[in-house]
Amino acid sequence: MISATAIKTLPDFKLEVKFSDGVQGVVDLSRLKNGEAFKFWLEKGNFEKAYIDGEGIAWNENLDIDALSLYLEITGQTFEEFASKQKHYA
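We now turn to the structure provided with this report. (Residues numbered from 1 in each chain as written. Predicted model: local features only at pLDDT ≥ 70, side-chain atom pairs only at ≥ 80, totals over all residues. Heavy atoms only, no water.)

A few words now on a negative patch on the surface. Taken together, the side chains of D53, E55, D64 and D66 make up a negatively charged region of the molecular surface. Within the secondary structure layout, D66 lies in strand β6 (residues 63–66). By relative accessible area, which is 39% here, D66 ends up partly exposed. (Patch = residues over 30% accessible without salt bridge, like charges linked within 9 Å, V, L, I, M, F, W, Y side chains within 5 Å. Areas by Shrake-Rupley, 256 points an atom, 1.4 Å probe, with all protein chains shown as cover. Salt bridge = Lys/Arg side-chain N within 4 Å of Asp/Glu carboxyl O. Lys, Arg positive; Asp, Glu negative; His and termini not counted. Charge placed at Lys NZ, Arg CZ, Asp CG, Glu CD. Helix = DSSP H or I, 4+ residues; strand = E, 2+ residues; numbered from the N terminus. Buried < 20%, exposed > 50% of the residue type's maximum accessible area, 1.4 Å probe, protein only.)

Listed below in structure tokens is the structure:
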């Protein structure tokens with residue numbers, strides 16, 4: 001399974017992520033910042049509190065994003081495309 005191995009927060013709610021298969025890239029999460037669940041990020045310094053937590057990226061015990069969703073965004077794949085490729089490696 002794909003997992004995040006390193007992260008770095010960037011300005012404007014962007015997150016650089018490196019994954020267990022060597023893929024890395026930047027995801028723009030600014031579209032989420034005004035959503036009710038993500039308002040935590042709007043307080044100064046809170047977005048920068050990101051950390052790897054199991055199979056996701058978290059900011060606290062109530063706020064996380066699945067690493068696979070970030071991987072799919074970075075690689076431009078749908079879940080179905082990703083799953084199909086994984087079957088070939090199983």
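Within the secondary structure, A6 sits in strand β1 (residues 4–10). Classification of A6 as partly exposed rests on a relative accessible area of 34%. Ignoring any residue separated from it by four or fewer positions in sequence, one finds A6 in contact with E16, V17, K18 and I52. (Contact = heavy atoms within 4.5 Å.)

What follows deals with the pattern of salt bridges. For the structure shown, the criterion picks out one salt bridge. The residue E73 makes a salt bridge to R31 at a minimum N-O spacing of 2.9 Å. Highlighted residues: E73 in helix α1 (residues 67–75) and R31 in the loop between β3 (24–28) and β4 (51–53), separated in sequence by 42 residues. By relative accessible area, which is 52% here, R31 ends up exposed.

Moving on to the sheet that holds β1. Taken in spatial order, the three strands of this open sheet run β1-β2-β3, and their pairing is antiparallel. Pairing within the sheet leaves two strands with one partner each, and these edge strands are β1 and β3. The mean angle between the axes of side-by-side strands here comes to 25°, regardless of whether they run parallel or antiparallel. As judged from the six bridges shared by β1 and strand β2 (residues 14–19), these two strands associate in the antiparallel manner. (Pairing = 2+ DSSP bridges. Axes fitted to C-alpha atoms, helices over the stretch in contact; angles between N-to-C directions.)

Positive phi outside glycine occurs at D12, with the angle close to 65°. Among the secondary structure elements, D12 is positioned in the loop between β1 and β2. Exposure remark for D12: the relative accessible area of 57% places this residue in the exposed category. Unusually for a residue other than glycine, F13 sits at a positive phi of about 60°. Mapped onto the fold, F13 is located in the loop between β1 and β2. The class of F13 is buried, set by a relative accessible area of 17%.

That's the geometry; what it means functionally is another story.
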